[in-house]
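These are the residues of each chain, in order.
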Amino acid sequence: MITSTEIAGIPLSSYICNASGPKCTTYEELAELGRSKSSAIVMKTCTILPREGNPEPRLARVGKNSLIQSMGLPNLGYEKYIEFSKKLKKYGKPVVASVAGFTLDEYATLAHAFQKSGADLIEINASCPNIKGKPQIGYDFGQMRNLLSLVCEHGGKPIGLKLPPYFDPVHWDIMSELILEYNISFISCINSIGNTLVIDPWKRSTVIKPKKGLGGLSGTTIKPIALANVQAFYERLIGSVSIFGVGGIMNGIDAFEFLLAGADAVQIGTAFEIEGTSCFGYMEAGLRTMLEYHDFSSIKEAKGKLNYL
Ligand code: DHB
């Protein structure tokens, strides 16, 4: 059974790795990912300057397997992650940088800086929903064009886009055209669903403090939206762009669903936040069982093999 895969030509020893977000901000957390069964080390989205993030409480559980959060990009500043990316090479697995600018120039500075780092892949976060007054750039197609023309200038390491969820086919069409025009190497879809509201009716209160309780929703609740986005991009990008599936993957069966929809690998956010590093091992085992059940001998063989009624 071959469960190795690749993203943008970079080999991954398994289908499952962490998503940017939970427990990937400090060097100690990243080293723990290095020692775990995560097939890559995806680092927290970084900005030019260090940030404390939003006031607490800024993360809350929603039901059994979902979360709402408005962290506000707490991170140590990009220079630290350039340093970490080099030190993390000792774990012998790909390191993924994730970057977000407050201006297009900042995005360009960050993307170019990581070209000279230990990172193997550079994920441009075009979809952080949690900064007050800053729209998600992934929903502004004109700005996306400007962004892509800047970050893709200095080749070398593969550039990817972390996309927000799209809900209408015309948006998948436009974004796919941009991705192909600017030779984006991979996409990660989807980010959390931004600006959702969870209410505690007994306390008559929001459950998180920032932005009047608005935050990004992740976990089981968003899995069907994530699957639809993976399927939509897989169809439109005709196998030329690698896809990380992200959104509500809690076990190996969920991971198998993303494989059928066309994902080359999956990233785990909410389940990693809730369960810790053990999630990578049990998801890989569950995925293998599903592949065996359907008589597939590799990831490659099963990719995109969704049946339509
Ligand atoms: C944060 C949330 C996100 O969904 C994201 O993509 C990046 C950062 C945050 O609030 O820290």
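Structure report, in brief.

The rules behind these values
Residues numbered from 1 in each chain as written. Predicted model: local features only at pLDDT ≥ 70, side-chain atom pairs only at ≥ 80, totals over all residues. Heavy atoms only, no water. Helix = DSSP H or I, 4+ residues; strand = E, 2+ residues; numbered from the N terminus. Expected span 1.5 Å × (residues − 1). Buried < 20%, exposed > 50% of the residue type's maximum accessible area, 1.4 Å probe, protein only. Arc of directions from axis to C-beta. Contact = heavy atoms within 4.5 Å. Polar contact = N/O pair within 3.5 Å; in protein donor to acceptor, adjacent residues only side chain to side chain. Pairing = 2+ DSSP bridges. Salt bridge = Lys/Arg side-chain N within 4 Å of Asp/Glu carboxyl O. Near = heavy atom within 4 Å. Areas by Shrake-Rupley, 256 points an atom, 1.4 Å probe, with all protein chains shown as cover. 1 Å grid on protein atoms, 1.4 Å probe; cavity = no way out; pocket = protein on both sides within 12 Å on 5 of 7 lines; lining within 4 Å. Sits in = over half its atoms within 2 Å of the grid points. Nonpolar A, V, L, I, M, F, W, Y, C, P; charged D, E, K, R; others polar.

Our next topic: helix α5 (residues 169–181). Quick reminder: α-helices carry 3.6 residues per turn. Residues three or four places apart thus point the same way. For α5, which comprises 13 residues, the first-to-last C-alpha distance of 18 Å matches the rise-based estimate of 18 Å (1.5 Å per residue) to within 8%. Among the residues making up α5, those that are buried are W172, M175, S176, L178 and I179. Buried residues along α5 cover an arc of 160 degrees about the axis, so they all sit on one side. In this structure, the buried residues of α5 make contact with α4 (141–151), β9 (159–163), β10 (186–189) and α6 (223–236). The distance from a side-chain oxygen at the start of α5 to the backbone nitrogen of V170 is 3.0 Å, and the residue carrying that oxygen is D168. Backbone geometry just downstream of α5 places N183 in the positive-phi region, at approximately 55 degrees.

What follows covers the pairing of strand β16 (residues 265–268). Judged by which residues are buried, β16 turns out to be covered on both faces: A265 and Q267 on one side and V266 and I268 on the other are all buried. Across 3 bridges, strand β3 (residues 16–18) lies against β16 in parallel orientation. In the sheet register, C17 faces β16, and the bridge partner there is Q267. One ladder, built from 3 bridges, connects strand β15 (residues 242–246) with β16; its direction is parallel. Pairing of G245 across the sheet is with V266, part of β16.

Moving on, we come to the pattern of salt bridges. The full count for this structure, using the stated rule, is 8 salt bridges. The salt bridge partner of D120 is K89, with a shortest N-O separation of 2.9 Å. Here K89 lies in the loop between α2 (78–87) and β7 (95–99) and D120 lies in the loop between α3 (104–115) and β8 (121–125), a separation of 31 residues in the sequence. Across the pair K223 and E257 runs a salt bridge whose closest N-O atoms are separated by 2.8 Å. On the criterion of sequence distance, the pair formed by K223 in helix α6 and E257 in helix α7 (residues 252–261) is long-range, its members being 34 residues apart. Among the residues examined, K223 registers a relative accessible area of 15% and is labelled buried. The structure contains a network of salt bridges with shared partners spanning K223, D254 and E257.

Glancing now at the site of the ligand. K44, Q69, M71, G72, L73, P74, N125, C128, P129, N130, N191 and S192 make up every residue found near the ligand. N130 is positioned such that a nitrogen or oxygen atom in its side chain is 2.8 Å from an oxygen atom of the ligand. For the ligand, an oxygen atom lies 3.1 Å from a polar atom in the side chain of S192. Protein coverage of the free-state accessible area of the ligand, which is 300 Å², stands at 93%. A molecule is said to occupy a pocket when more than half its atoms come within 2 Å of that pocket's grid points, and by this definition the ligand occupies the largest pocket. Among the residues forming the shell around the ligand, the class breakdown is 5 nonpolar, 6 polar and 1 charged.

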